[in-house]
Each structure stands twice: as C-alpha cells, then as structure tokens.
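What follows is each chain in one-letter form.
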Amino acid sequence: MADKARRIAVISLGGTIAMTAQADSGATPTLSADDLVTAVPGLAETGIGVEVRDFRRLPGASLGFSDLLELAVMVETLAVDGVVVTQGTDTIEETAYLLDLVTTGDTPIVVTGAMRNASMAGADGPANMLAAIRVAASTEVRGLGCMVVFAEEIHAARWARKTHATSPTAFTSYPGPIGYVAEDRVRITARPGASPVIDPRGTTRPARTAIFTVGLGDDGTLLPVLGDHVDGLVVAAFGAGHVPMTCVDALSDLAKRVPIVLTTRTGSGPVLRQTYGFPGSESDLLGRGLISGSTLDPIKARILLQLLLMTAAEHDQIAQTFSTVL
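Residues numbered from 1 in each chain as written. Predicted model: local features only at pLDDT ≥ 70, side-chain atom pairs only at ≥ 80, totals over all residues. Heavy atoms only, no water.

1. Side note on the packing of aromatic side chains
In plain terms, the rule: A pair of Phe, Tyr and Trp rings is counted when the ring centres sit within 6.5 Å of each other, with Trp represented by its six-membered ring. The angle between the planes then sorts it: under 30 degrees is stacked, over 60 is edge-to-face, the rest tilted. The rule for a charge over a ring is simple: NZ of Lys or CZ of Arg within 6 Å of the ring centre, and within 35 degrees of the ring normal.
Counted according to the given criterion, the structure contains 2 aromatic pairs. Taking NZ or CZ as reference, Arg-56 lies 4.2 Å from the ring centre of Phe-55, over its face.

Listed below in structure tokens is the structure:
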C-alpha cells in the first residue's frame, strides 16, 4: 500500500506546539489537535488520511505516568496505520521511551512537538507535524518501535535526548538519528534492536523513583535521606560508572533495601563492568549490589525502573531486564 493511501491518528497532549501567547501573559496550551493539523501546509497534498484526538492539554512538565499509561492503552486500540503524538518537548524523551516499552506490534508511533509556539516567528510546529505524519505513514518504519521526529530527523526513542533548552534542533541522539525526511521521502539508515517489553496492564503497585546525580565532592550524606522516600533509585555517576569513595558505604547500605541502577551522567556510552577496581568504581559498585544501567541514560533508566516497580518486579527480575539492554 502506498504511504499516501494510509491513515494516521494525531493525538494531542498539549505543550509548546499547542500554545499561543496572550497579550497580558506568557504562552499557554490553547490549540486542539484539529487546530494543529489544519495549520500544516501541504498536508492535504500528501493524500494521507488524518484523524485527530485531544487527549490532554497540558505543558510537558505536568504529564505523569498515569497520563502516559492511559495514552498507551488508547494507542493500542486505534485501527490506524500509524500514530503521531504531539506534546511539550520537556518530557518528549520520557514519553517516547515509555511508549516504546509498553506498546507492542509494528504500528509506528511518532512523538513530536515544537520549540517555538504558534505565536512566534518561525514556529516549527507545522514542519515537525508534517514530517512526523510522513514518518508514521511510511511502511519503511514498521517494527522500529517508538520514534522522535524533530527538525526532519528520526530518532529511536531509547536514544533520543533533548540537549538544548531553546534551539529548534534541540533533539539529538547517540549514536545518531536512525533516519531523516528529505524531499517528502522517509529514509531509514539504521535499525536499532528491540527494547524490553513491559506489560503495565493491571498494575496496582504505586512506586516512587528518583535520580541522584553525583557531583564533585559528594559525601553521600543525602543518600540515606533520599532512600527513605523512594522505592528505587538511579545513580547518574561520573564517567563509566564511578562515584566518590565517600558515597560508597551509603550506596552499599541503600542497595540492600531498594534497587539502585548505575548509569553515567555523560548521557551516552556504557557503564563498564570490570575495567576499574578502586573504591567507588563500576566493578566495586556492581559488586555491592547495584544494577548496571548499561547504555541507558539516567532519564531512560528511571522510566524502565519505574515501570518495573509498578509491575511489582523484584530485584532479580529488574537486574535481568536491564541486562537485556544493549
């Protein structure tokens, strides 16, 4: 079937792409999914059928796990060839990875947004929408899981990161985009491996997780305090998984109570396993019961940890799931 004959659902969650500025205040979400689609130049010429749904009208920072799990249920009930989710860029990387983990099947799911609201010169929402719809309609992306499409680049959900506060090219990924849109054509240049699959249906267990970012001179004093309020913790460590030796005892004690996932605060590259051997090194911490986050950045690791805890996974199952991340 030609891409132009396909049907796509556009689901709006709010965010900058749906915002307009008022004369006496800042930008707020005011536009519906239909407003967003209507504002896309050239969409009618593609021949792609679009149905619209308003799901939330919130800033990206105000979305929560309950919103996104409800969204995932909706996505899997739609009888369409692809899905585009529009939302605030603050949490696009979380939304995309969560949907990647909890949805099944080959239907493409694309998350996009805008860095400039509709009242600004050079608003990027319409262009991002058009590219996202083209990607969601493409047979080339079936089976690739959830993707982030921004500035005509296609990023795998597990690698996509917002790396600039204001730039229209804020989204990047390592080892790089898996494709791009050019001359109205979707071009895929890499195919990432599959992510773990988490079944959130029937989840009843509340969970609270947090990210602890290690900094120069940390002495670990805050770790026991944080540990009293979380069910799981992600440590964003130096380099390939290192912390100050003054944090080791606190992490060792806390790891006996809750699962702790070790990641690198650099945002890309793996946590090593046995290259270094000093107190606070990756091998020392893993030997004390911390779980390797592998190549997941701290934000993605927290999403996976949170979902596992919500599904009542125990320590060994959590460790096994993280071990499947390449």
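2. Description of the packing of helix α3 (residues 65-77) against helix α4 (residues 92-102)
What counts, and what does not: The axes used here are C-alpha line fits, helices contributing only the stretch in contact, and every angle between their N-to-C directions lies in the interval 0 to 180 degrees. Secondary structure elements follow DSSP: runs of H or I of four or more residues count as helices, runs of E of two or more count as strands, with numbering from the N terminus. Should an angle lie under 35 degrees it is considered roughly parallel, over 145 roughly antiparallel, and from 65 to 115 roughly perpendicular; all remaining angles are considered oblique. Crossing chirality is assigned from the near helix's rotation relative to the far helix, an anticlockwise turn below a right angle marking it left-handed and a clockwise turn marking it right-handed. Any two residues whose heavy atoms approach within 4.5 Å are treated as being in contact. Under the scheme applied here, ten amino acids are nonpolar (Ala, Val, Leu, Ile, Met, Phe, Trp, Tyr, Cys and Pro), four are charged (Asp, Glu, Lys and Arg), and all others, including Gly, are polar.
Here α3 crosses α4 at 50°, and the two axes come no closer than 10 Å. Between α3 and α4, the crossing angle belongs to the class labelled oblique. Read as a crossing pair, α3 and α4 show a hand that is right-handed. In contact with Phe-65, Leu-68, Leu-69, Leu-71, Ala-72 and Glu-76 of α3, α4 contributes Thr-95, Leu-98, Leu-99 and Val-102. Here the residues of the contact of α3 with α4 sort into 8 nonpolar, 1 polar and 1 charged.

3. A word on the pairing of strand β13 (residues 209-213)
Strand residues, when the strand is regular, have side chains that alternate between the two faces of the sheet. What counts here: At least two bridges found by DSSP between two strands are what make those strands a pair. If you view a crossover with the strands going away from you and the path from the first strand over the helix to the second runs clockwise, you call it right-handed.
The sheet contact formed by β13 and strand β14 (residues 232-237) spans 5 bridges and is parallel. Its bridge partner being in β14, Ile-211 is matched across the sheet by Val-234. With helix α6 (residues 222-227) bridging β13 and its parallel neighbour β14, the resulting β-α-β unit is right-handed.

4. Here's the deal with the sheet that holds strand β11 (residues 179-182)
Strand order in the open sheet formed by 8 strands is β4-β1-β5-β6-β7-β8-β11-β12, with mixed pairing between adjacent strands. Either end of the sheet is taken by a strand with one partner, and the two such strands are β4 (49-58) and β12 (185-188). Put simply, the sheet's adjacent strands are angled 25° from each other on average, direction ignored. Against the sheet, α3 engages β1 (7-14), β4, β5 (82-86) and β6 (109-112), with an angle of about 165° to β4.

5. Looking at the environment of Ile-11
Formally: Each residue gets one of three labels from its accessible area relative to the maximum for its type: buried under 20%, exposed over 50%, partly exposed in between, using a 1.4 Å probe on protein chains only.
Considering the arrangement of structural elements, one finds Ile-11 in strand β1. The class for Ile-11 is buried, based on a relative accessible area of 0%. In this structure, Ile-11 is in contact with Arg-53, Phe-55, Leu-71, Met-74, Val-75, Leu-78, Val-83, Val-84, Val-85 and Thr-86, ignoring residues within four places of it in sequence.

6. A look at the sheet that holds strand β16 (residues 291-292)
Strand order in the open sheet formed by 4 strands is β13-β14-β15-β16, with parallel pairing between adjacent strands. Only two strands of the sheet have a single partner each, and these edge strands are β13 and β16. Looking at chain direction, β14 and strand β15 (residues 260-264) are connected through 5 bridges and run parallel. Residue pairing in the sheet places Leu-233 in a bridge with Ile-260 of β15.

7. Brief notes about the pattern of salt bridges
Filter applied, for reference: Definition used for salt bridges: Asp or Glu carboxyl oxygen within 4 Å of a side-chain nitrogen of Lys or Arg.
Under the definition given, this model contains 12 salt bridges. Among the salt bridges present, the one from Lys-162 reaches Asp-90, with a minimum N-O distance of 3.4 Å. Of this pair, Lys-162 sits in strand β9 (residues 160-162) while Asp-90 is found in the loop between β5 and α4, placing the two residues 72 residues apart along the sequence. Overall, Lys-162 belongs to the partly exposed group, its relative accessible area being 21%. Look at Asp-90 and you get partly exposed, because its relative accessible area is 48%. When the shortest N-O distance is used, the salt bridge between Lys-300 and Glu-93 registers 3.9 Å. Residue Lys-300 is located in helix α9 (residues 298-310), and its partner Glu-93 is located in helix α4; the two are separated by 207 residues in the primary sequence. Residue Lys-300 is classed as buried on the basis of its relative accessible area of 0%. Judged by relative accessible area, Glu-93 falls into the buried class, the value being 5%. Salt bridges sharing partners connect three or more residues here, namely Glu-93, Arg-161, Asp-297 and Lys-300.

8. What about unusual backbone geometry?
A negative phi angle is the norm for most residues apart from glycine, just as the trans form is the norm for most peptide bonds. Along the chain, Tyr-174 connects to Pro-175 via a cis peptide bond; the corresponding omega equals 15°. Here Pro-175 is to be found in the loop between β10 (171-173) and β11. If you check the backbone angles, Ala-151 has positive phi at about 55° while not being a glycine. Note that Ala-151 resides in the loop between β7 (146-150) and β8 (153-156). The exposure class of Ala-151 is partly exposed, given its relative accessible area of 35%.

9. Quick word on the side chain of Ser-281
Put simply, the rule reads: In protein, a polar contact requires one atom able to donate a hydrogen and another able to accept it; more generally it is a pair of N or O atoms within 3.5 Å, and residues adjacent in sequence count only if both atoms are side-chain atoms.
Assignment of secondary structure puts Ser-281 in the loop between β15 and α8 (282-287). Reaching out from Ser-281, the side chain makes a polar contact with the backbone oxygen of Tyr-276 at a distance of 3.2 Å. Filtering out sequence-adjacent residues up to four positions away, Ser-281 remains in contact with Gly-241, His-242 and Tyr-276.

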